[in-house]
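Summary of the model geometry
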Amino acid sequence: AKGRRNIISFGGGAPSLPPPREVGEEIERQCRTDPQRALGYTGTRGLPEVLEAIARDMKRRAGIDLDPSSEILLTDGATEAIMLALLTTVGEGDEVIIMDPTYLGYPEAIKLAGGRIVRLPVSVSEGFQPDVDRLRKLITERTKAIILLSPDNPTGRIIDPKVAKGIVDVACESDLWIIVDDTYNHIVYDGEHVWIAAIPGAKDRTIVCNSFSKTASIPGLRIGFAYGPAEAIDNMEKLKQYFTLCPGTLAQYVLIKFLEGDVKDSYLRNVVLPVYRRRRDVMGRCLEEYL
C-alpha cells in the first residue's frame, strides 16, 4: 500500500534488484547512438546475433546444442513462451498434466489453449517431488503434455535428476510433450539445476521456456526465449506474429551486452545469488523464531 513501508510482500516473484550496470549503460548508449534502430521492428524470431548468443550460452552451461536459426525463438518473457508452447501442442479437449501446487499461471493458459487440466498432487513430506508411478496412472489417450517448473514457484522444489529422468521416460513411452519452465534456472542455492532437454530422449519432445526477468532483473523489458524442436519453434513463431509481432528491440540489444564477456556470470555470482540467499536465510530464521 502507498506510504505503508512496513509491509513485506510475499506475492509474485518480482525481482527487487537493480539490473547490472552494463545493462543501464547499454540502454542509454543504444538510444543515444542509433535510436531508430534501437526502437524499430525486428524479425519475429529475433535478431540473429541474439539467437546466436543464447545458443552459445546454452552450450556452455548445459551442453545442449541448439541451431540458432531454427530451434530458438525470442518471446515477451517466459509467459508468452508458455502460452505459445501450449497453443502449438494442445488441441481442444487435450489433457495437460501439472503439479499441484505449482505456478498459478498454468491452469488459465491451458484453458485458453482449449485443454483440460489434470493435477498431479505433490506433498511437502516427499519434498514436493512428483511421483512417477502416480504420473503414469494419470495418462489417458487424451494426454498431450506435461508442464514442469524447476526450481518451482511456490514450493521451491528443485526436480531430482532421477525423477526428471522418470518423467522423460514416461513422456517417451506415451508420446507426450514436455513443456519446461526454466524461469528460475540460475537461482539455485543448494544442489544444481537439471537441464531437462539434455536428458537422453528428451530434446525431440521438449519445449523449454525461459526468461531474463529474474536473472538480469529486467522484468519490465519483457524478454525471454523458447527452444525446442524446429517444427514446434516454427509454429510458435507463426503464432507470435499475431500475438506480439516481434520481441522488444531495445531489450534484444541489452541481451547482447548481458550475454557477452563476464557480465551475466559476474552479476549472478556477485549480486543475485548472494543477496537472495541472505534474504532467504533471514526470512527462514524469522519464521522459526516468530511463527
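The rules behind these values
Residues numbered from 1 in each chain as written. Predicted model: local features only at pLDDT ≥ 70, side-chain atom pairs only at ≥ 80, totals over all residues. Heavy atoms only, no water. Helix = DSSP H or I, 4+ residues; strand = E, 2+ residues; numbered from the N terminus. Rg over C-alpha atoms; globule rule 2.2 N^0.38 Å. Contact = heavy atoms within 4.5 Å. Areas by Shrake-Rupley, 256 points an atom, 1.4 Å probe, with all protein chains shown as cover. Lys, Arg positive; Asp, Glu negative; His and termini not counted. Charge placed at Lys NZ, Arg CZ, Asp CG, Glu CD. Expected span 1.5 Å × (residues − 1). Buried < 20%, exposed > 50% of the residue type's maximum accessible area, 1.4 Å probe, protein only. Pairing = 2+ DSSP bridges. Axes fitted to C-alpha atoms, helices over the stretch in contact; angles between N-to-C directions. Core = buried A, V, L, I, M, F, W, Y, C linked by side-chain atoms within 4.5 Å. Polar contact = N/O pair within 3.5 Å; in protein donor to acceptor, adjacent residues only side chain to side chain. Phe/Tyr/Trp six-rings, centres within 6.5 Å; stacked < 30°, edge-to-face > 60°.

On a plain count of helices and strands, the protein comes out with 10 helices and 7 strands. Against the compact-globule benchmark of 19 Å for 291 residues, the protein has a radius of gyration of 19 Å, which places it among compact chains. Along the first, second and third principal axes, the C-alpha atoms of the protein reach 60 × 55 × 35 Å. Considering only contacts within the protein whose residues lie at least 6 apart along the sequence, 74% involve residues at least 24 apart. Carbon together with sulfur atoms contributes 53% to the accessible area of the protein, which is approximately 14,400 Å² in total. The centroid of the 37 positive side-chain charges in the protein is displaced by 5 Å from the centroid of its 41 negative side-chain charges.

Looking now at helix H3 (residues 48-62). Each turn of an α-helix holds 3.6 residues, which means side chains three or four residues apart point in the same direction. The end-to-end C-alpha separation of H3 is 21 Å, in line with the 21 Å expected for 15 residues at 1.5 Å each. Looking only at H3, the buried set comprises Val 50, Leu 51, Ala 53, Ile 54, Ala 55, Asp 57, Met 58 and Ala 62. Against the buried residues of H3 lie strand E1 (72-75), strand E7 (224-227), helix H9 (249-259) and helix H10 (263-290). Remark: Gly 63 follows H3 within two positions and exhibits a positive phi of approximately 70 degrees.

Turning next to the sheet that holds E7. Taking strand neighbours across the sheet as the criterion, the 7 strands line up as E1-E7-E6-E5-E4-E2-E3 in an open arrangement whose pairing is mixed. Two strands bound the open sheet, and with one partner strand each, they are E1 and strand E3 (116-121). Here the strands of the sheet are splayed against their neighbours by 20 degrees on average, with no regard to which way each runs. Against the sheet, H3 contacts E1 and E7, and its axis sits at roughly 115 degrees relative to E1.

With that settled, the discussion passes to the nonpolar core. Note on soluble globular proteins: their nonpolar side chains tend to be buried together. Formed by 86 residues in total, the largest nonpolar core has its most connected members in Ile 54, Met 58, Leu 86, Ile 196, Phe 212 and Tyr 227. Top contributing element to this core by residue count: H3, with 7 residues. Each residue touching Ile 54, except ones within four places of it in the same chain, is listed here: Ile 72, Leu 74, Phe 212, Phe 225 and Leu 259.

Right, let's talk about the side chain of Thr 42 for a bit. Within the element layout of this structure, Thr 42 appears in the loop between helix H2 (35-38) and H3. At a separation of 3.1 Å, a polar atom in the side chain of Thr 42 contacts the side chain of Gln 252. Not counting the four nearest positions on each side in its chain, Thr 42 is found in contact with Leu 47, Cys 246, Pro 247, Thr 249 and Gln 252.

Okay, the packing of aromatic side chains next. One pass over the full model with this rule turns up 4 aromatic pairs. With a centroid separation of 5.6 Å and 40 degrees between ring planes, the pair formed by Phe 212 and Phe 225 is classed as tilted. Of the two residues, Phe 212 is situated in the loop between strand E6 (206-211) and E7 and Phe 225 in strand E7; the sequence distance between them amounts to 13 residues. On the numbers, 6.2 Å between centres and 20 degrees between planes, the contact of Phe 225 with Tyr 227 is stacked. Assigned by exposure class, Phe 225 and Tyr 227 land together as buried.

On to unusual backbone geometry, then. Omega for the bond connecting Asp 100 with Pro 101 falls within 30 degrees of zero, at 10 degrees, which places this linkage in the cis form. On the secondary structure map, Pro 101 appears in the loop between strand E2 (95-100) and helix H5 (106-112). The omega torsion of the bond from Ser 150 to Pro 151 falls at -10 degrees, within 30 degrees of zero and hence cis. On the secondary structure map, Pro 151 appears in the loop between strand E4 (143-149) and helix H7 (161-174). For Phe 128, which is not glycine, the phi dihedral falls at a positive 60 degrees. Taking relative accessible area as the criterion, Phe 128 reaches 19% and is therefore assigned buried. At Asp 175, a position not held by glycine, the phi torsion is positive, near 55 degrees. The class of Asp 175 is exposed, set by a relative accessible area of 59%.

Another aspect to go through is the environment of Pro 35. Of note, Pro 35 is situated in helix H2. Take Pro 35: its relative accessible area is 39%, and that puts it in the partly exposed class. Each C-alpha atom, one on Pro 35 and one on Arg 285, is 48 Å from the other, the two residues being 250 residues apart in sequence.

Glancing now at H7. In this model, H7 (14 residues) spans 20 Å end to end at C-alpha, consistent with the 20 Å of a helix rising 1.5 Å per residue. Taken residue by residue, H7 has Val 163, Ala 164, Gly 166, Ile 167, Val 168, Val 170 and Ala 171 as its buried positions. Measuring from the side-chain oxygen of the N-cap residue of H7 to the backbone nitrogen of Lys 162 gives 2.8 Å; that N-cap residue is Asp 160. Downstream of H7 by a residue or two, Asp 175 has a phi angle that is positive, lying close to 55 degrees.

In short, geometric facts, not functional conclusions.
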